[in-house]
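Summary of the model geometry
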Amino acid sequence: MKTVLITGAARGIGRAIARKFASEGYAVAINYNKSKDEAEQLKKELIEKGAKTEILCADVADADAVSKMVENVTSIFGDIDVLVNNAGIALPQGLFSDVPECDMKRVFDVDVFGLMNCTKAVIPQMVRRKSGKIINISSIWGVCGGSCETVYSAAKAAVIGFTKALAKELGPSGITVNCIAPGLIDTDMNGHLSEDDIDDFCQDVPLGRMGKPEDVANAVWFLASNSADYMTGQVLNVDGGMI
Ligand code: NAP
């Protein structure tokens, strides 16, 4: 049985990814930070469906906690075949001049360094086995930049740069590194948007709707599957054709 570790998997896109991998027969390690109840509920749901799963609390920005988490996953399920770096935070929309320094740092700590911490912790076992798939969740704002989303756009652009560079570094070890750039997806992250805001946004989406977490989960599954064995260093937009 193969094992996937998904960060930020108790809610939103991460939860949809966990459900998808569980339904495909993977052992699923569910990382959470604050959403303990949701993580426990998801664990119960997946076990009832016959999946092997465990929940692991860690703030991805804390390198020591991440390293312990990866040790735990490995001792429970064996080596990790797929790492999905999904955990992320965004700031309320606003002018760059008004973003406090502590908020700028926290976004990079979670969205960039958190992702690097998790990646660094799984690389040795993947290199040893000469196989593995790392899938990072960026954003369309990391591809094209979003007004009043500058810090988040910069962090998600860093994820893309990291993905492309690491793919070159790890290719000779048989490890693929790809990323997904979702458009507007219906999760808590966009819970602050009014129906009018969403309608306005969807005017620029050729498919005319927000994405569902499952739309992203299906793309992650594709990148993790053998169908994507010859793809690495790529950015897959899951955005209804927006960019
Ligand atoms: P969400 O519903 O707000 O969920 C965010 C997830 O990230 C939660 O599971 C949360 O875990 C986890 N997380 C946040 N900080 C963490 C930390 N320090 N350590 C570990 N986990 C942490 O957002 P989402 O829409 O599912 O977003 C998932 C990913 O997709 C993010 O990287 C986001 O930037 C990206 N994305 C989302 C959209 C969108 O429109 N929704 C678009 C493009 C990209 P806890 O609740 O346990 O703290």
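Reading the values: rules and limits
Residues numbered from 1 in each chain as written. Predicted model: local features only at pLDDT ≥ 70, side-chain atom pairs only at ≥ 80, totals over all residues. Heavy atoms only, no water. Patch = residues over 30% accessible without salt bridge, like charges linked within 9 Å, V, L, I, M, F, W, Y side chains within 5 Å. Areas by Shrake-Rupley, 256 points an atom, 1.4 Å probe, with all protein chains shown as cover. Salt bridge = Lys/Arg side-chain N within 4 Å of Asp/Glu carboxyl O. Lys, Arg positive; Asp, Glu negative; His and termini not counted. Charge placed at Lys NZ, Arg CZ, Asp CG, Glu CD. Helix = DSSP H or I, 4+ residues; strand = E, 2+ residues; numbered from the N terminus. Buried < 20%, exposed > 50% of the residue type's maximum accessible area, 1.4 Å probe, protein only. Axes fitted to C-alpha atoms, helices over the stretch in contact; angles between N-to-C directions. Parallel < 35°, antiparallel > 145°, perpendicular 65-115°, else oblique. Left-handed = near helix turned anticlockwise from the far one by under 90°. Contact = heavy atoms within 4.5 Å. Expected span 1.5 Å × (residues − 1). Near = heavy atom within 4 Å. Polar contact = N/O pair within 3.5 Å; in protein donor to acceptor, adjacent residues only side chain to side chain. Nonpolar A, V, L, I, M, F, W, Y, C, P; charged D, E, K, R; others polar. Pairing = 2+ DSSP bridges. Phe/Tyr/Trp six-rings, centres within 6.5 Å; stacked < 30°, edge-to-face > 60°.

1. Structural notes on a negative patch on the surface
- Taken together, the side chains of Glu 195, Asp 196, Asp 197, Asp 199, Asp 200 and Asp 204 define an acidic patch exposed on the protein surface.
- Residue position: Asp 204 is located in the loop between helix 7 (195-202) and helix 8 (213-224).
- Residue classification places Asp 204 among the exposed residues on the basis of a relative accessible area of 53%.

2. Re the packing of helix 1 (residues 12-23) against helix 2 (residues 36-48)
- Interaxial distance between helix 1 and helix 2 falls to 11 Å at its minimum, and their mutual angle equals 20 degrees. In terms of axis orientation, helix 1 runs roughly parallel to helix 2. The element helix 1 and its partner helix 2 pack so that their crossing is right-handed. Residues Arg 15, Ala 18, Arg 19 and Ala 22 of helix 1 pack against Leu 42, Glu 45 and Leu 46 of helix 2.

3. Digging into helix 2
- The terminal C-alpha atoms of helix 2 lie 18 Å apart, and with 13 residues this matches the ideal 18 Å at 1.5 Å per residue to within 8%.
- Where helix 2 is buried, its residues contact helix 1, strand 2 (27-32) and strand 3 (53-57).

4. Quick word on the site of the ligand
- Taken together, the neighbourhood of the ligand is formed by 31 residues, with Ser 35, Asn 86, Tyr 152, Thr 187 and Asn 190 sitting nearest.
- In this structure, Val 60 approaches the ligand through a main-chain N or O atom, which is 3.0 Å from a nitrogen atom.
- Contacts to the ligand include Gly 183, whose backbone N or O atom sits 3.4 Å from an oxygen atom.
- Compared with its free state, where it exposes 890 Å², the ligand has 95% of that area covered by protein.
- Looking at the shell around the ligand, the elements that each hand over two or more residues are helix 1, strand 2, helix 4 (101-129) and helix 6 (150-170).
- The residue makeup of the shell around the ligand, split by class, is 13 nonpolar, twelve polar and six charged.

5. A word on the sheet that holds strand 1 (residues 3-6)
- One open sheet accounts for seven strands, arranged 3-2-1-4-5-6-7; its pairing is parallel. The open sheet has two free edges, formed respectively by strand 3 and strand 7 (235-238), since each of these has just one partner strand. Going from strand to strand, the sheet's axes swing by 20 degrees on average, the running direction of each strand aside.
- Direction of pairing for strand 1 relative to strand 4 (residues 82-85): parallel, over a ladder of three bridges. In the strand pairing of strand 4, Leu 5 is matched with Leu 83.
- Against the sheet, helix 3 (residues 63-77) touches strand 1, strand 2 and strand 3, its axis set at about 165 degrees to strand 3.

6. What to know about helix 8
- Compared with an ideal rise of 1.5 Å per residue, which puts twelve residues at 16 Å, helix 8 spans 17 Å between its outermost C-alpha atoms and is within 8% of the ideal.
- On its buried side, helix 8 packs onto helix 1, strand 4, strand 5 (132-137), strand 6 (175-182) and strand 7.

7. Regarding the packing of aromatic side chains
- Here the structure, examined in full by the defined rule, presents four aromatic pairs.
- Pairing Phe 21 with Trp 221 gives two aromatic rings, centres 5.0 Å apart and planes at 80 degrees, and the pair type is edge-to-face. With Phe 21 in helix 1 and Trp 221 in helix 8, this pair connects stretches of sequence that are 200 residues apart.
- Note on Trp 141 and Phe 201: the rings are 6.2 Å apart at their centroids and 90 degrees apart in plane angle, and the pair reads as edge-to-face. Of the two residues, Trp 141 sits in helix 5 (residues 140-144) while Phe 201 sits in helix 7, which places them 60 residues apart along the sequence.
- Here Trp 141 falls in the buried class, since its relative accessible area comes to 19%.
- The structure contains a cluster of three or more aromatic residues connected by ring pairs, namely Phe 21, Tyr 26 and Trp 221.

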